[in-house]
Structures are given as C-alpha cells and as structure tokens.
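The residues making up each chain are set out below.
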Amino acid sequence: MNQYFSFKGKVFVLGLVFGLLSTAYSQEEFGSEFKVKAAPKKKKIEKPVKDVKFNTKDFDKIKAYEVRALENNTYVVPEKEEHDAEKLAKRDQDFGVVKTSSGTVKVRYRDAAYVDGDKVRVYLDYEIVKPEVLLSGEAQGFDIELQKGVNRIDIEALNEGFAAPNTAEFKIYDDKGEVIASNQWNIAQGFKATIILEKE
C-alpha cells in the first residue's frame, strides 16, 4: 500500500511541477512587450451649424449681369503663305543688306544643283558688268572695288535651262577671304535676285 501511494505521490508531484513550469513559461512568452490596448475614445459628435442669415441689403449692392449682343466679327483670317515653287520663282528675290568695312569683295556663283544650261546677266549699281554668264558646276564671278555707301548687285535670269526655274548659289568674300554673304536664288526668266553691300 505504501508503495502504491508513494508511486502516485511521485506522479502527482511531477505533474504539479510540470504544470507550474508550463504556466510560468507561458507567462514569460508575453514578456515586457505585451501591452493591453486601451479602448478607443468615442468621437465627439459635432453640433450642426446653425443657418447663416444673409442681409438682403447686401444683395442690392450687387449689379445685375447684363446680357449684351456680340458685335459683328470683322476678323479676317490671313491667307496662307504661298508655297508653290513655280509662283515663288515668278518674282524678284531680295537678299537684304550686308554691311562691311572691306575695300574689295569677290562675288562667286555657280549652278549648285543639276547643271542644265542656266544663264544670267549681272548688274552692279544698275550697270551691266556681265552681259551673259553660262552657269556651270565650277564657281566663277568677278571682283568689286566697293564705293563708300551702297553697292547694289542684281542677277537677272536670262533663261531657266532644262529644269525650271533658274537656280544657283552665290558667295561673297571680303578682302580677308572670309564669306560675308551666301545664299541661293530660284528665279524665273526675266526676274532678278538682288543683294546690297554697304561699305561702312
């Protein structure tokens, strides 16, 4: 009998110790980080805004919106710039004014595209200096001793070659060999390309 109770006693003691240890371990799992959250605070219910009273006298100060009839629209839509190459060629071409202090200049021109037999006449201050020039792929031209003030150069198209219009490019060099003007002309027969050199 004593053996039976001593065995049961041992089991009871072991069970009691095991139970105490597991309880202590489960409490340690929460540790110091475990915190009980407080219940959320109830939101305050805002009181409804009372109706705003307007002073009707203020409305008398506001001018009534007047509806007026629109005036007649006189705007004219500008015409598109002319882009027809044939029409553009049938007018004189102005290359503007180039100012220079150079004493002399070299005027050079050539057919810049397909050499098709274009011919020109060159004027200096309304006087013919080159009565007929057949444009080739090589640059050709003449030298000018500039007079103080305006020196006008006109290039007139004598024909349009095999491929219209009369097309070529020109370059003008100062007495140091630097290009002071360059451009291309595209003019129909009988029209002129003009550039003015102004000696300072």
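For the structure itself, consult the block above.
In this text the structure is predicted, and so the values were computed from the model without any measurement. (Residues numbered from 1 in each chain as written. Predicted model: local features only at pLDDT ≥ 70, side-chain atom pairs only at ≥ 80, totals over all residues. Heavy atoms only, no water.)

Draft legend 1. Up close: the overall build of the protein. If you tally the helices and strands in the protein, you get 3 helices and 9 strands. Overall, the protein shows an N-to-C arrangement of helices and strands of α-α-α-β-β-β-β-β-β-β-β-β. Sorting the 200 residues of the protein into buried and exposed places 21% on the buried side. Counting only contacts in the protein whose residues sit at least 6 apart along the sequence, the fraction spanning at least 24 positions is 75%. Total accessible area on the protein stands at roughly 16,900 Å², and carbon and sulfur atoms take up 55% of it. (Helix = DSSP H or I, 4+ residues; strand = E, 2+ residues; numbered from the N terminus. Buried < 20%, exposed > 50% of the residue type's maximum accessible area, 1.4 Å probe, protein only. Contact = heavy atoms within 4.5 Å. Areas by Shrake-Rupley, 256 points an atom, 1.4 Å probe, with all protein chains shown as cover.)

Draft legend 2. How the structure looks around the pattern of salt bridges. Taken as a whole and assessed by the stated rule, the structure comprises 6 salt bridges. Put simply, Arg 108 and Asp 143 hold a salt bridge, and the shortest N to O gap is 3.3 Å. With Arg 108 in strand E2 (residues 104–110) and Asp 143 in strand E5 (residues 140–145), the pair connects residues that are 35 residues apart, well separated along the chain. Judged by its relative accessible area of 23%, Arg 108 is partly exposed. The partner of Glu 169 in a salt bridge is Arg 110, and the shortest N-O contact between them spans 2.9 Å. Taken together, the residues span a long stretch of sequence, with Glu 169 in strand E7 (residues 166–173) and Arg 110 in strand E2 at a distance of 59 residues. The class of Arg 110 is partly exposed, set by a relative accessible area of 28%. Among the charged side chains, a salt-bridge network with shared partners connects Lys 106, Arg 108 and Asp 143. (Salt bridge = Lys/Arg side-chain N within 4 Å of Asp/Glu carboxyl O.)

Draft legend 3. Layout of the sheet that holds strand E8 (residues 179–187). Sheet architecture is open: 4 strands sit in the order E5-E2-E7-E8, paired in antiparallel fashion. Each of the sheet's edge strands pairs with one partner strand only, and the pair in question is E5 and E8. Averaged over all adjacent pairs, the angle separating strand axes in this sheet is 20 degrees, with direction ignored. Pairing geometry for E2 and E7, over 5 bridges, is antiparallel. Residue pairing across strands places Val 107 opposite Ile 172, the latter belonging to E7. (Pairing = 2+ DSSP bridges. Axes fitted to C-alpha atoms, helices over the stretch in contact; angles between N-to-C directions.)

Draft legend 4. Region of interest: the packing of aromatic side chains. Enumeration over the complete set of coordinates arrives at 3 aromatic pairs. In textbook terms, an aromatic cluster arises when at least three aromatic residues are bridged by ring pairs, as seen for Phe 95, Phe 170 and Trp 185. When the ring centre of Tyr 123 is taken as reference, the NZ or CZ atom of Lys 192 above it lies at 4.5 Å. (Phe/Tyr/Trp six-rings, centres within 6.5 Å; stacked < 30°, edge-to-face > 60°. Lys NZ or Arg CZ within 6 Å of the ring centre and 35° of its normal.)

Draft legend 5. Structural detail: the nonpolar core. Formed by 25 residues in total, the largest nonpolar core has its most connected members in Tyr 109, Ile 144, Ile 153, Ile 172, Trp 185 and Ile 195. Of all the secondary-structure elements, those providing two or more residues to this core are strand E1 (93–100), E2, strand E3 (119–124), E5, strand E6 (149–157), E7, E8 and strand E9 (192–199). Not counting chain neighbours up to four residues away, the residues in contact with Ile 172 comprise Val 105, Lys 106, Val 107, Ile 153, Glu 178, Val 179, Ile 180, Ala 181, Ile 195 and Leu 197. (Core = buried A, V, L, I, M, F, W, Y, C linked by side-chain atoms within 4.5 Å.)

Draft legend 6. Molecular detail of the pairing of E2. On E2, burial follows the alternation: Val 105, Val 107 and Tyr 109 on one face are buried, whereas Thr 104, Lys 106, Arg 108 and Arg 110 on the facing-out side are not. For E2 and E5, the ladder comprises 6 bridges, and the chain directions are antiparallel. By the bridge assignment, Lys 106 is partnered in E5 with Asp 143.

Draft legend 7. Broad picture of the sheet that holds E9. Within the open sheet, the 5 strands sit side by side as E1-E9-E6-E3-E4. Their pairing is mixed. Bordering the open sheet on either side are E1 and strand E4 (127–134), each of which pairs with just one other strand. The mean angle between the axes of side-by-side strands here comes to 15 degrees, regardless of whether they run parallel or antiparallel. Here 5 bridges tie E3 to E6, and the two strands are oriented antiparallel to one another. In the strand pairing of E6, Leu 124 is matched with Ile 153.

Draft legend 8. Geometry of the side chain of Asp 174. Mapped onto the elements of the fold, Asp 174 is located in the loop between E7 and E8. Summary of buried charges: Asp 174 has no salt-bridge partner, and the nearest side chain of opposite charge, Lys 176, is 6.2 Å away. Here Glu 178 takes part through its backbone nitrogen, which lies 2.9 Å from a polar atom of the side chain of Asp 174. Once residues within four sequence positions are removed from consideration, Asp 174 is found in contact with Ser 102, Thr 104, Val 105 and Ile 180. (Lys, Arg positive; Asp, Glu negative; His and termini not counted. Polar contact = N/O pair within 3.5 Å; in protein donor to acceptor, adjacent residues only side chain to side chain.)

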